[in-house]
Amino acid sequence: MSAPSIDDPWSVVYMTNLSGPVDLSKSYNPSSLAGKTILITGGASGFGAAFARHWAAHGAHLILGDVNDSLGEALVAELRASPTTRADQFITYQHCDVTSWADQVSLFRAAVSGSPTKRIDAVVAGAGIVDSNASFDQPQNLDDETTIPPPPPLRVLAVNLTGVMYTAHLALHYLAQDSTTTSGNRDRHLLLISSIAGLLGLPGQTEYTTSKHAVMGLFRALRGTAGLLGPAPERNDTPIRVNVLCPYFVSTPLISRAGMALLAGAALGKLEDVVDAATRLMADDGIRGRALAIGPKMRVVDIAEGDEYGETVQMVESEPVVPGRSERKQAVWEVYGHDYRRVETFTWRYMAMLNLMTGLRGWVGFVKDLLGLCFGGAGSRGR
Ligand SMILES: NC(=O)c1ccc[n+]([C@@H]2O[C@H](COP(=O)([O-])OP(=O)(O)OC[C@H]3O[C@@H](n4cnc5c(N)ncnc54)[C@H](O)[C@@H]3O)[C@@H](O)[C@H]2O)c1
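Residues numbered from 1 in each chain as written. Predicted model: local features only at pLDDT ≥ 70, side-chain atom pairs only at ≥ 80, totals over all residues. Heavy atoms only, no water.

> Teacher, can you tell me more about the overall build of the protein here?
Of the regular secondary structure elements, the protein holds nine helices and eight strands. Sorting the 383 residues of the protein into buried and exposed places 46% on the buried side. Of the contacts formed within the protein by residues at least 6 apart in sequence, a portion of 74% connects residues at least 24 apart. A total of about 18,900 Å² of accessible surface is found on the protein, and carbon and sulfur atoms cover 58% of it. (Helix = DSSP H or I, 4+ residues; strand = E, 2+ residues; numbered from the N terminus. Buried < 20%, exposed > 50% of the residue type's maximum accessible area, 1.4 Å probe, protein only. Contact = heavy atoms within 4.5 Å. Areas by Shrake-Rupley, 256 points an atom, 1.4 Å probe, with all protein chains shown as cover.)

> I keep staring at the pattern of salt bridges and nothing clicks. Help me out?
Pairing between side chains of opposite charge can happen when their charged atoms approach one another. Counting across every chain of the model gives nine salt bridges. A salt bridge links Asp273 to Lys297; its shortest N-O distance comes to 3.2 Å. Taken together, the residues Asp273 in helix α8 (residues 271–283) and Lys297 in strand β7 (residues 291–301) connect sequence positions 24 residues apart. Bridged by salt links that share partners, the residues Lys36, Asp187 and Arg241 form one connected network. (Salt bridge = Lys/Arg side-chain N within 4 Å of Asp/Glu carboxyl O.)

> Can you help me understand the site of the ligand in this one?
Around the ligand, the structure places 29 residues, and the nearest of them are Ser45, Phe47, Asp66, Tyr208 and Thr252. For the ligand, an oxygen atom lies 3.2 Å from a polar atom in the backbone of Gly46. Note that a nitrogen atom of the ligand is positioned 2.9 Å from one of the backbone N or O atoms of Val98. In isolation the ligand offers 820 Å² of accessible surface; the protein chains occlude 94% of this area. Residues that form the shell around the ligand fall into these classes: 16 nonpolar, nine polar and four charged. (Near = heavy atom within 4 Å. Polar contact = N/O pair within 3.5 Å; in protein donor to acceptor, adjacent residues only side chain to side chain. Nonpolar A, V, L, I, M, F, W, Y, C, P; charged D, E, K, R; others polar.)

> What is the right way to look at the packing of helix α2 (residues 46–57) against helix α3 (residues 69–81) in this model?
In helix packing, the relevant descriptors are the interaxial angle and the interaxial distance, both defined with respect to the helix axes. Contact geometry for α2 and α3: axes closest at 10 Å, N-to-C directions at 15°. Judged by the angle between their axes, α2 and α3 are roughly parallel. Helix-helix and strand crossings are classified by hand; for α2 and α3 the assignment is right-handed. From α2, Ala49, Ala52, Arg53 and Ala56 reach across to α3, where they touch Leu75, Glu78 and Leu79. Per-class residue counts for the contact of α2 with α3 are five nonpolar, no polar and two charged. (Axes fitted to C-alpha atoms, helices over the stretch in contact; angles between N-to-C directions. Parallel < 35°, antiparallel > 145°, perpendicular 65-115°, else oblique. Left-handed = near helix turned anticlockwise from the far one by under 90°.)

> Help me understand the environment of Arg341, please; the structure alone is not making it clear to me.
Tracing the chain through its elements places Arg341 in the loop between β8 (327–335) and α9 (345–375). Accessibility expressed as a relative area gives 24% for Arg341, which makes it partly exposed. A sequence separation of 328 residues divides Arg341 from Val13, and the C-alpha atoms of the two residues are 6.1 Å apart.

> Explain the pairing of strand β4 (residues 122–125) to me, please; I cannot follow it from the model alone.
The side chains of a regular strand alternate between the sheet's two faces. Burial along β4 is two-sided: the residues Ala122 and Val124 and Val123 and Ala125 are all buried. As paired elements, strand β1 (residues 37–41) and β4 share four bridges and run parallel to each other. Bridge pairing in β4 places Leu39 opposite Val123. Bridge count between β4 and strand β5 (residues 189–193): four bridges; the pairing is parallel. Bridge assignment links Ala122 to a residue of β5, and that residue is His189. (Pairing = 2+ DSSP bridges.)

> Would you take a moment to explain a nonpolar patch on the surface for this structure?
Together, Phe346, Tyr350, Met353 and Met357 make up an exposed nonpolar region whose accessible area comes to about 420 Å². According to the relative accessible area criterion, Met357 is partly exposed, its value standing at 44%. (Patch = residues over 30% accessible without salt bridge, like charges linked within 9 Å, V, L, I, M, F, W, Y side chains within 5 Å.)

> Quick question: what am I supposed to make of helix α6 (residues 206–229) here?
Spacing of three or four residues puts side chains on the same side of an α-helix, whose turn is 3.6 residues. Taking 1.5 Å of rise per residue, the 24 residues of α6 would be expected to cover 34 Å, and the 33 Å separating its terminal C-alpha atoms lies within 8% of that figure. Its axis deflected by about 45° at Leu222, α6 carries its strongest bend there. (Expected span 1.5 Å × (residues − 1). Bend = angle between axes of the 7 residues up to and from the residue.)

> Please clarify how the nonpolar core should be interpreted in this entry.
Note that soluble globular proteins tend to have their nonpolar side chains buried in a common cluster. With 37 residues, the main nonpolar core has Leu39, Phe108, Ile120, Val123, Leu190, Leu192 and Val242 as its most contacted residues. When residues of this core are traced back to their parent elements, those giving at least two are α4 (101–114), β4, α5 (155–176), β5, α6, β6 (241–247) and β7. Ranked by residues supplied to this core, first place goes to α5 with eight residues. Residues in contact with Leu192, not counting those within four places in the same chain, are Ala125, Val164, Val215, Leu218, Phe219, Val242, Asn243, Val244 and Leu245. If you look at the next biggest cluster of nonpolar residues, it comprises 36 residues, including Leu62, Ala122, Leu191 and Ile294. (Core = buried A, V, L, I, M, F, W, Y, C linked by side-chain atoms within 4.5 Å.)

> Before we go on, may I ask you to explain unusual backbone geometry in this structure?
When glycine is set aside, most residues are seen to have a negative phi, and most peptide bonds are trans. In this model, Lys118 sits at a positive phi of 60°, which is unusual for a non-glycine residue. Examined against the element boundaries, Lys118 turns out to sit in the loop between α4 and β4. The backbone of Asn141 sits at a positive phi, close to 60°, despite the residue not being glycine. One can find Asn141 in the loop between β4 and α5. Taking relative accessible area as the criterion, Asn141 reaches 56% and is therefore assigned exposed.

> Can you help me understand the environment of His54 in this one?
As for its placement among the helices and strands, His54 is situated in helix α2. Contact partners of His54, with chain neighbours within four places excluded, come to Val275 and Thr279.

> Mind showing me how you'd approach the packing of α4 against α5 here?
For the pair α4 and α5, interaxial distance at closest approach is 10 Å and the crossing angle is 35°. Here α4 runs over α5; the crossing is right-handed. For the pair α4 and α5, contact is made by Trp101, Gln104, Val105, Phe108, Arg109 and Val112 and by Gly163, Tyr166, Thr167, His169, Leu170, Ala171 and Tyr174, respectively. Classifying every residue of the contact of α4 with α5 by side-chain character gives eight nonpolar, four polar and one charged.

Next comes the structure, spelled out in structure tokens:
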């Protein structure tokens, strides 16, 4: 049986409203960031700080949450003082330990109340840590059978998984909200940060690898439902988009000296390529439910093409250039493009039911509005 095409209304790819492969050769327009309110966890350093610098220069309103207050406050001072920052641009930092539900609720509330538009347009779940001691793989204190030893710390899971789940849960709520000052037709974007460790196993980083695979699980499930569950179909609200980045090693404070020593001489990913991929996903509201892996720029020959779903079919690296064949370099690749292409019964039925319910919500809203017009009620727009 051949796999259903993206345009087949009976395919789950169609029902989930996922977009097709990202055309990475096309330019995108970062000016669409101007006026968007973007919340970034882990925004004080590394990727989060680089996103903040780049997006502030394009006119985005920003709220950064982090545990590194001195770095976060210094970054906000730098951005506010930048000649490219407008006087009415909202740029702020708030202490937020992502493992604390209360801290995260407070960060999201501060974003809504501080934003000039009183809404959040995009959320980046960026906070993350590694286990530099590889402690999970080396059980301690288990020999003394007279006491119950403490459990393994699992701090990496707390930050990289529980923290991200809290962020995603809050994002689903706040991105679905409208504000009284705008029409419903606006962007709503959740950008998750997994890793190459979400695609491959990194020995010695068991907890980290587990957490980043879990982020891929979160992404793969959520991209099916996020656009259908939240916003109000009766107002033709734009669906919530969920995308994910899977960077290879990039030199940031996350990578310890020992890690950098192990990588000595090897090609690394580049911060500017991660910023570019994130900005493409942030700026282009047509990209829904896509995963981009970012690595060192690799030489590919022209037989390396993405298939219908954007996944690389064949990639040729470091081979001698075949005379007469064009050569290009690429740092960003699509992954998990085949999800929802073939599904089992549960997923198909669940998605069909969700689509039906969303359609019904739209009709109920329409009838309410009609009754409101006829008899003077508030209708669904008063929601
Ligand atoms: N650098 C890489 O090679 C690489 C590769 C793949 C994925 N990533 C992921 O990218 C994300 C950003 O990492 P980075 O490389 O920019 O590292 P980084 O250390 O420079 O930035 C991470 C930020 O998260 C913050 N943070 C840590 N614990 C927190 C907590 N409990 N609450 C709030 N903030 C907290 C840190 O203070 C820091 O500012 C992480 O999720 C990381 O796993 C990094």
